[in-house]
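# Tertiary structure, described
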Amino acid sequence: MPPGAADGIAVEDQVRKGMRKVVRLDGVSAAIGGTVSAGGSKLVLSELLDMRTCLLQGAVIRPGIGLGGVALQHKRPVAVENYVQSSTITHHFDRAVIADNLTAAVAIPMQVNGVVRGVIYAASRNGLPLGERTIDAAMGIVRGAAQEVAVEEEVQRRVQRIVSRQQEGGESVPVDELVEVREELVSIASSAADGEVRQRLFGLSERLTRSSRQRPVERGVMLSQRESDVLLHVAAGRTNAETAELLGVLPTTVKTHLKNTMRKLGTRNRIETLTAARRAGLLP
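Notes on the structure follow. Bear in mind the structure is a predicted one, so any value in this text is a computation, not a measurement.

## Brief notes about the packing of helix α7 (residues 225–235) against helix α8 (residues 240–247)
The contact between α7 and α8 brings their axes to 10 Å, and the two run at 130°. The angle between α7 and α8 places the two elements in the oblique class. Handedness of the crossing formed by α7 with α8: right-handed. Residues Arg226, Asp229, Val230 and His233 of α7 lie in contact with α8, whose contacting residues are Thr243, Leu246 and Leu247. Split by residue class, the contact of α7 with α8 holds three nonpolar, two polar and two charged.

Printed below as a string of structure tokens:
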């Protein structure tokens with residue numbers, strides 16, 4: 001599936017966040033970043049951080065051209081101790097580099113599922129090469145950004161498939177499939193490093209909740225959206241406190257929703273509730 005508009009937004013967002021982290025590393029004076037077009041034919045530099053000029057803004061980098069072009073071509077980080085004097089790269093952008101007084105630099109490709117989707121540069125002005133620990137740390141930041149993109153795009157694809165099937169009206173999506181995907185979304189969101197990505201994933205899970213719940217089931221039992229949320233977490237073995245943290249509510253609120261569910265199902269404890277909920281089709 002080629003990267004779409006939503007995918008591009010995810011990459012741009014993570015490039016910017018990665019640059020903000022990279023520029024704080026020891027010895028790094030400035031950061032540059034951009035996204036790669038579908039097919040990898042060009043890199044467009046759209047983000048500049050702590051640069052003194054705008055000469056590189058909007059620059060188009062082709063594979064093999066300049067530091068970023070070599071990184072794009074070979075799909076690996078490329079570093080130079082002195083950009084202008086380096087014999088391993090072309091010098092199409094020397095004017096901009098000299099104007100900004102940059103010396104050492106590294107270009108790190110952001111690979112998502114084996115495809116370069118963006119490049120982040122770290123550069124210095126102190127005349128010293130970037131240290132190995134600094135370069136390793138920058139590579140770790142870019143890998144983390146790529147993982148966040150991969151997670152968000154995969155979730156978007158899964159949700160979009162389900163939403164499309166529902167909108168077409170031809171194929172019915174089984175409730176257990178919706179519940180399974182939603183539980184996976186909650187799990188992924190809870191472990192995502194990026195706070196904004198977590199919120200997006202939780203938002204997508206809520207869309208699935210609205211699609212899969214709020215409907216009558218066997219024996220006429222109907223749960224509210226929040227009651228369904230709580231029931232799913234109980235089925236996953238989570239405590240009231242853990243469920244409250246994931247849903248962003250108070251533990252007492254979770255307890256109230258669980259009591260309401262027990263009342264509707266005519267049960268007295270969690271085990272009876274889970275058993276009755278499965279029989280009623282509320283759980284897979």
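## Considerations on the nonpolar core
Within the largest apolar cluster, 27 residues are counted, with the highest numbers of intra-cluster contacts made by Leu43, Leu45, Leu56, Leu67 and Tyr121. Elements that contribute at least two residues to this core include exactly β1 (30–36), β2 (43–49), α2 (66–74), β4 (78–80), α3 (94–99), β5 (105–112) and β6 (115–123).

## What about the side chain of Thr273?
Here Thr273 shows up in helix α10 (residues 270–279). Filtering out sequence-adjacent residues up to four positions away, Thr273 remains in contact with Leu231, Thr261, Met262, Leu265 and Thr267.

## Focus on the pattern of salt bridges
For the structure on display, the rule yields seven salt bridges. In this structure, Lys17 engages Asp13 in a salt bridge whose closest nitrogen and oxygen atoms are separated by 3.1 Å. Of the two residues, Lys17 and Asp13 both sit in helix α1 (residues 5–22), four residues apart, roughly one turn of that helix. A relative accessible area of 10% places Asp13 in the buried class. Residues Arg226 and Asp229 are paired through a salt bridge, measuring 3.2 Å at the closest nitrogen-oxygen approach. Within this pair, Arg226 and its partner Asp229 are both found in helix α7, separated by three residues, close to a single helical turn.

The rules behind these values
Residues numbered from 1 in each chain as written. Predicted model: local features only at pLDDT ≥ 70, side-chain atom pairs only at ≥ 80, totals over all residues. Heavy atoms only, no water. Axes fitted to C-alpha atoms, helices over the stretch in contact; angles between N-to-C directions. Helix = DSSP H or I, 4+ residues; strand = E, 2+ residues; numbered from the N terminus. Parallel < 35°, antiparallel > 145°, perpendicular 65-115°, else oblique. Left-handed = near helix turned anticlockwise from the far one by under 90°. Contact = heavy atoms within 4.5 Å. Nonpolar A, V, L, I, M, F, W, Y, C, P; charged D, E, K, R; others polar. Core = buried A, V, L, I, M, F, W, Y, C linked by side-chain atoms within 4.5 Å. Buried < 20%, exposed > 50% of the residue type's maximum accessible area, 1.4 Å probe, protein only. Salt bridge = Lys/Arg side-chain N within 4 Å of Asp/Glu carboxyl O.

Any link to function would need more than the numbers given here.
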